Amino acid sequence: METLVTFAVAECSIYKYMEIIEKFKIVYYTDAMEFLQRIESKTREKIIYNIDKARYTLDPKLFKKLTGSDIWEFRTLYNGKQYRLLAFWDKTQDMDTLVIATHGFIKKTDKTPVNEIERTKEIMKEYFKLK
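> Before we move on, can you summarise the packing of aromatic side chains with the specific residues and values?
According to the stated counting rule, one finds ten aromatic pairs in the structure shown. Look at F24 and F63: their rings are 5.3 Å apart centre to centre, the planes differ by 40°, and that puts the pair in the tilted class. Taken together, the residues F24 in the loop between β2 (14–21) and β3 (25–28) and F63 in strand β4 (residues 63–65) connect sequence positions 39 residues apart. For the pair F24 and F63, one class covers both residues: buried. Ring pairing ties together the aromatic residues F24, F63, W72, F74 and W89, which thus form one cluster. Here the basic side chain of K91 rests over the ring of W89, its NZ or CZ set 5.1 Å away from the ring centre.

Below you can see the structure in the form of C-alpha cells.
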C-alpha cells in the first residue's frame, strides 16, 4: 500500500501539485530503539527526521548501501559526530516494502566496522528465519 502525500506549490498564483510517494516503511529492531533512547533528545530528533526524509527521497547522504553487501546505513552527521543505523530491506510483502533498522552506533572511522556489519547480518538471518 503506497502512502501518497500531496503538496500544493504556489507559483505566480498557479498551483502545481506533485505527489510524493513513500518508498518504504521503517521497522526498528529492539537494539535500534535502545540506541535511539540512549542518545540525547535533539540528536534522536535529527536522526528520526533524516530517516523520515530518506523514506521519500532515497538520498545517499541519508541512506546508502554499504559496498559489497546487502546492508544499508541511515546516516546522520550532527554536532560533529557521525551517527549510523544499519538496516536491511524486506521486500517479501506484497503491500509494503520494509526497511529493518537493526542497531545504531557512532562512527569513529572512515569504514563501517566489520563487527557492526556482522551484527546486522546475524539479525537479518534471525529475522528471515522467524518470518
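Next, the rest of the story.
> Quick one: what's the story with the sheet that holds β4, residue by residue and with numbers?
The strand order across the open sheet built from five strands is β3-β7-β6-β5-β4, with neighbouring strands paired in mixed fashion. Both outer strands of the open sheet, β3 and β4, are each paired with one neighbouring strand and no more. Averaged over all adjacent pairs, the angle separating strand axes in this sheet is 35°, with direction ignored. As judged from the seven bridges shared by strand β5 (residues 72–78) and strand β6 (residues 81–90), these two strands associate in the antiparallel manner. In the strand pairing of β6, L77 is matched with Q82.

About the cut-offs
- Residues numbered from 1 in each chain as written.
- Predicted model: local features only at pLDDT ≥ 70, side-chain atom pairs only at ≥ 80, totals over all residues.
- Heavy atoms only, no water.
- Phe/Tyr/Trp six-rings, centres within 6.5 Å; stacked < 30°, edge-to-face > 60°.
- Helix = DSSP H or I, 4+ residues; strand = E, 2+ residues; numbered from the N terminus.
- Buried < 20%, exposed > 50% of the residue type's maximum accessible area, 1.4 Å probe, protein only.
- Lys NZ or Arg CZ within 6 Å of the ring centre and 35° of its normal.
- Pairing = 2+ DSSP bridges.
- Axes fitted to C-alpha atoms, helices over the stretch in contact; angles between N-to-C directions.

The quantities given are spatial measurements derived from coordinates; they are silent on function.
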